[in-house]
Structures are given as C-alpha cells and as structure tokens.
Amino acid sequence: MAFENYEVWFVTGAQLLYGGDAVIAVDAHSNEMVAGLNASGKLPVKVVYKGTVNSSKEVETVFKAANNDDKCIGVITWMHTFSPAKMWIHGLQQFNKPLLHLHTQFNKEIPWDTMDMDFMNLNQSAHGDREFGHICTRMRIRRKVVVGYWKDEKTLERIAVWMRVCAGWADAHDMLIIRFGDQMNNVAVTDGDKVEAEQRLGYHVDYCPVNDLMEYYKKVTDEEAKALVDTYFKEYEHDPKLEDNRTVEYEKIWNAAKAEIALRRILKDKGAKGFTTNFDDLGLFDQIPGLASQRLMAEGYGFGAEGDWKSAALYRTVWFMTQGMTNGCSFLEDYTLHFDGERSAILQAHMLEVCPLIAEHRPKLEVHRLAIGVDSQTARIVFTSKQGPGVTATIVDLGNRFRLIVNDVECIKSKPLPKLPVASALWIPMPNFEVGAGAWILAGGTHHSCFSFDLTPEYWEDYAEIAGIEMVHIDKNTTISCFKKELRMNEVYYMLNKALC
Ligand code: MN
C-alpha cells in the first residue's frame, strides 16, 4: 500500500462524429478497461477513469484538473476512436505531469466473419493513436509510449514501471535534503548546481549547522539510547562481549545509538527525506555516525557521504520507487579494483555507509577503529551483498545540463575483509570491467552511485524522459567507440535544445 495516496488518471480520446450510441459504448469500454487494469493486481497505483474527451475544451479541463490535483501523479491517454489531435494542443500545452500514451484496443482479435462498420467505429485505436502520437511529437511532448493489449502481462508491467517512476517523481517534488556540513573540500564530481537541481529534478537542498544536530544529540535520554542498543543486539549478529557495558565498545555502540536517534529526530522535525554528512565536520560526535546512516537508508532516508546531496536525493528516489519490492538498494562507492581477466570486478563499499537492504545474511554488529574523521573505535554493521543482476545510477552536473548515467552490473560473491570490516558488494559492470568502467569514466560518472537489485534500465529511461535530462546507459551491448559517438551527439543535441539545458 506504499502508493495508496496516489492516483494515475485515465483519459480516453474520441470525437462526436459517430453519434450518441458510440459515445456511450466508448465510455463503457473505457470503464471496463480501467476496472480491468485495477483488478489485474499488477499496477502499484490506482487508475482513475476521468471520462472521454471529445473537444478541445474538455481536453483542457481534464489536464488542468490533473495539474491541480495533488493525488494525480500522471495521466494515461488512449485514443479509442480517431480523436482529431488539434483538439489536444491547448491541453497538452498546459499539462505539467508525466504522460503515458497507451496504444491498445478494447477488442483483442479481429472478428473476421462479423466485422462491420459499427465494429470499426468502435475499434479505431490503430489510426487514432497515431494521430495523437503525431501531435505529441510535433509539440515535443515527453512521454512514454506503451504498446500492447491491455490485459497482457507485459503491457501491465511497462505501465507499472512508469507508475513507480511517477511516484518517485512526485516524491522528489516534495523532498528536502539536509546537508550536515558542506561538500568535502575540493571535490568536483559530487558537487553541482542546487538551483538547477530544484528546477529540473524537484528537490530542495538546505544546509544545517552540525551544532543544531548536536543539540539533538545532547538531549537523547539514557532510556532512549538503551532501548535502541537493545534493538541492535536483537537485530544483528554480534560477539556477546559487546553487551558488556563496562567496555569502550559498548560505549561506542551507545553513542552510535544516540547519533541515530538525534539524526532521525532532526530530519523528522525539518520534514527532510534525506541527508548528507561530512567526516571533516562531525561536531561532538565521537565517531562517524555510520551505523545511523546505514539504518536510516534502510528506512528510506536518502543518504550521500561527503556532502553528496545529488546521491542522497537519488537514493531516496530509488528507495521510494522500489517500495514493496524485496531485493534491496544502497548508496555505494567504487572502493577498490580486482583484476581477474573477464571476471575483473569493482569492490563496492564505503567507510561504513552501505545499506543493509542488500545484505545476503543477517548483518553483524561490530566495533573497530576508523582513523578518518575522528580517529576512534566506531560501530557499524558488516555484511556482504546478495548476488545477481542489478542496475546502478548516478547524476552528474555537466555545467549546462544534468546527465544520468546508468550501468547494468552483475553482483558476484564478495568476501569478508577481516582487516577492513565494512559492508560490501562486488560487481562486474556490463559488458565487462574494461568497457563498463571505461564508458562510465568517459561519461564523467561519480565514484558514488545508487544501486538497486529491483530496478531495470526501463525505470531510469522513464525517469530521464519525465525529468527531461540526458541519460546514457551502459549495458551488455555497449562498445567504447559507439558510446563516444553517443556522448558527442548528445553534446550537440543539448547545445541546440536549450529548453532541456
Ligand atoms: Mn565517498
């Protein structure tokens, strides 16, 4: 029920040429289709039928209503009959939410023996949807076109993907990211234009002095800390010695719990959906609040390390889009390389901040020295990731535009690191390490990315389409020479197409 407050509207295009009986039949077909879509159990967001539009005025009215309704996160259009597309111009000019054009037909197979003109009048999507497609293309309206019979699983799956992206898009437009401390000094790739990000991607980024967070930290009560420490011991594997409250390890777990409570509380008070930290600016914390970041990510808070607010926002969107899916997602960093011929791979980890949603086993609570930021014994949960295919993504600011870089990856078995106990994944970027990493670097991609076992590239394609940003996708078919051509072509496209820059 993650998306229960959202709706997607369904609008049928027609015209009055075919008489009153046809209008009634079109309406009945549309009602039946929408009921069928909702009853399929395949769609994560409720579809609401908003009637058949037969004139420019009606189109404008329904799109204006869609713009103004907070529950509506997107509109599906379908041309039941030939709906002359000039009547869509004014409505489309004003519409500012995601659009899906469904090319389907109420009737499945041609009734060869009985088909007559009455049947034809009620099954005109074949040409009606082309008329509508033309006006969208002519007006440069960004949209997803889904083609297929409305009861087919594949059709429903493609609509479902788009719905989840619409939900993520709506969520991003009511998203505040809090930066505790600034960007890590001198780092280029994780920085960018926050004003442009708000215009283009929806979310807002604020700074919060670490001192404000420390006020929350100081006010955490012993009872609250104790309750959370007990939760840690209950949820995670651990050495029983950690439960001895006379040790420095216990004290570190205690303070990590206080940090988590303080962070969650300040984020809640500010209405924030994500945050960044910076190990150079940790106030009174006696250790990096890494365990807190791990656990808050699993709850759905966006997180980016070293002030990386773009990753914090993108991770939140990944988590939000994949609600109810079970394979997990995480903020990750390209940590170190493993050369092994065709099996060459990249270890994905961070100082501490990897999300336990991708863990293959119950995570283990451990305390070890970490010398970065504060040189201190530091609490964390340790695990290796599941195996299998996934997709990772990042957004970089190229100065005149944002570029979304997406890479299909294959997670293989990672190993524990006894001398560097952090959570990790190990992956081979597609099509292989050499081309995958090479293309990523040519595209200007970050060392931080937002990984998911549940998303497919189609989600990111829909996201980039809705946002109107560039996307480059590195997959099993990528070659460096073609990829370089694509980057050069995109450079020209976005230079000429100022509206998208
Ligand atoms: Mn990092």
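Residues numbered from 1 in each chain as written. Predicted model: local features only at pLDDT ≥ 70, side-chain atom pairs only at ≥ 80, totals over all residues. Heavy atoms only, no water.

Caption draft 1: Focus on unusual backbone geometry. Looking along the chain, the bond that leaves Met430 and enters Pro431 is cis, with omega of 0 degrees. Tracing the chain through its elements places Pro431 in the loop between β16 (425–429) and α13 (433–442). You will see that Arg140, though not glycine, has its phi angle at about 55 degrees, which is positive. Relative to the assigned elements, Arg140 resides in the loop between α5 (125–138) and β5 (144–147). Residue Arg140 is classed as exposed on the basis of its relative accessible area, which comes to 68%. You will see that Glu306, though not glycine, has its phi angle at about 55 degrees, which is positive. Note that Glu306 resides in the loop between β9 (302–304) and α12 (309–321). A relative accessible area of 9% places Glu306 in the buried class. (Helix = DSSP H or I, 4+ residues; strand = E, 2+ residues; numbered from the N terminus. Buried < 20%, exposed > 50% of the residue type's maximum accessible area, 1.4 Å probe, protein only.)

Caption draft 2: A look at the nonpolar core. Membership of the largest hydrophobic core comes to 129 residues, with the highest contact counts inside it found for Phe10, Phe180, Leu404, Trp460 and Tyr463. Of the residues that make up this core, three or more belong to each of domain 1 (7–172) and domain 2 (176–500). Core analysis: the second largest hydrophobic core is formed by 21 residues, Val11, Val59, Phe63 and Met79 among them. (Core = buried A, V, L, I, M, F, W, Y, C linked by side-chain atoms within 4.5 Å. Domains from an automatic or database assignment.)

Caption draft 3: Layout of the environment of Ala312. The residue Ala312 is located in helix α12 in this model. You can call Ala312 buried: its relative accessible area is 0%. Setting aside anything within four residues of it in sequence, one finds Ala312 in contact with Ile177, Phe275, Thr276, Gly302, Phe303 and Gly304. (Contact = heavy atoms within 4.5 Å.)

Caption draft 4: Region of the structure containing the state of the cysteines. Going through the model one piece at a time under the given rule, you end up with zero disulfides. Here Cys329 stays unpaired: no disulfide links it, and the sulfur of Cys355, its closest cysteine neighbor, is 5.7 Å away. A residue is classified by how much of its surface remains accessible, and Cys329, at 1% relative accessible area, is buried. Here Cys450 stays unpaired: no disulfide links it, and the sulfur of Cys329, its closest cysteine neighbor, is 8.6 Å away. (Disulfide = S-S within 2.5 Å.)

Caption draft 5: The pairing of strand β6 (residues 176–180), seen in detail. Across the five residues that make up β6, a large majority, five, are buried. Alternating positions in β6 separate into two faces, Leu176, Ile178 and Phe180 on one and Ile177 and Arg179 on the other, with burial throughout. Relative to strand β7 (residues 204–208), β6 is paired through five bridges, and the arrangement is parallel. What sits directly across from Phe180, in β7, is Cys208. Handedness of the β6-helix α7 (residues 194–201)-β7 crossover: right-handed. Bridge analysis of β6 against strand β8 (residues 274–276) gives three bridges, and the strand direction is parallel. When the sheet's bridge partners are listed, Arg179 is paired in β8 with Thr276. (Pairing = 2+ DSSP bridges. Right-handed = clockwise from strand over helix to strand, strands pointing away.)

Caption draft 6: Region of interest: the sheet that holds β8. Pairing is parallel across the open sheet formed by four strands, whose spatial order is β7-β6-β8-β9. Either end of the sheet is taken by a strand with one partner, and the two such strands are β7 and β9. Averaged over all neighbouring strand pairs, the angle between strand axes comes to 20 degrees, with direction disregarded. (Axes fitted to C-alpha atoms, helices over the stretch in contact; angles between N-to-C directions.)

Caption draft 7: Representation of the pattern of salt bridges. Taken as a whole and assessed by the stated rule, the structure comprises 25 salt bridges. Of the charged contacts in the structure, one is a salt bridge between Glu458 and Arg158, with a shortest N-O distance of 3.0 Å. A residue pair is termed long-range when its members are at least 10 positions apart, and Glu458 in helix α14 (residues 457–467) and Arg158 in helix α6 (residues 153–172) qualify at 300 residues. On the basis of relative accessibility, which here comes to 23%, the residue Glu458 falls in the partly exposed class. The class of Arg158 is partly exposed, set by a relative accessible area of 28%. (Salt bridge = Lys/Arg side-chain N within 4 Å of Asp/Glu carboxyl O.)

Caption draft 8: Spatial organisation of α13. The complete set of buried residues in α13 reads Phe433, Val435, Gly436, Ala437, Ala439 and Trp440. In this structure Asn432 caps α13, since a side-chain oxygen of it lies 3.1 Å from the backbone nitrogen of Glu434. Of the residues flanking the end of α13, it is Gly444, one or two places downstream, whose phi is positive at about 85 degrees. (Polar contact = N/O pair within 3.5 Å; in protein donor to acceptor, adjacent residues only side chain to side chain.)

Caption draft 9: The arrangement of the packing of aromatic side chains in detail. The final tally for this structure, using the stated rule, is 24 aromatic pairs. With a centroid separation of 5.9 Å and an interplanar angle of 80 degrees, the aromatic rings of Trp169 and Tyr463 are classed as edge-to-face. A residue pair is termed long-range when its members are at least 10 positions apart, and Trp169 in helix α6 and Tyr463 in helix α14 qualify at 294 residues. Taking the relative accessible area as the measure of exposure, Tyr463 reaches 2% and is therefore buried. Taken together, a centroid distance of 6.3 Å and an interplanar angle of 35 degrees make the contact between Tyr250 and Trp254 tilted. Residue Tyr250 and its partner Trp254 are both found in helix α10 (residues 248–270); the two are separated by four residues, about one turn of the helix. Each residue in the set Phe63, Trp88, Phe95 and Phe132 is aromatic and connected to the rest through ring pairs, giving one cluster. A cation over a ring is seen here: Lys50 above Trp9, with NZ or CZ 4.2 Å from the ring centre. (Phe/Tyr/Trp six-rings, centres within 6.5 Å; stacked < 30°, edge-to-face > 60°. Lys NZ or Arg CZ within 6 Å of the ring centre and 35° of its normal.)

Honestly, that's just the spatial picture; any functional story needs more than this.
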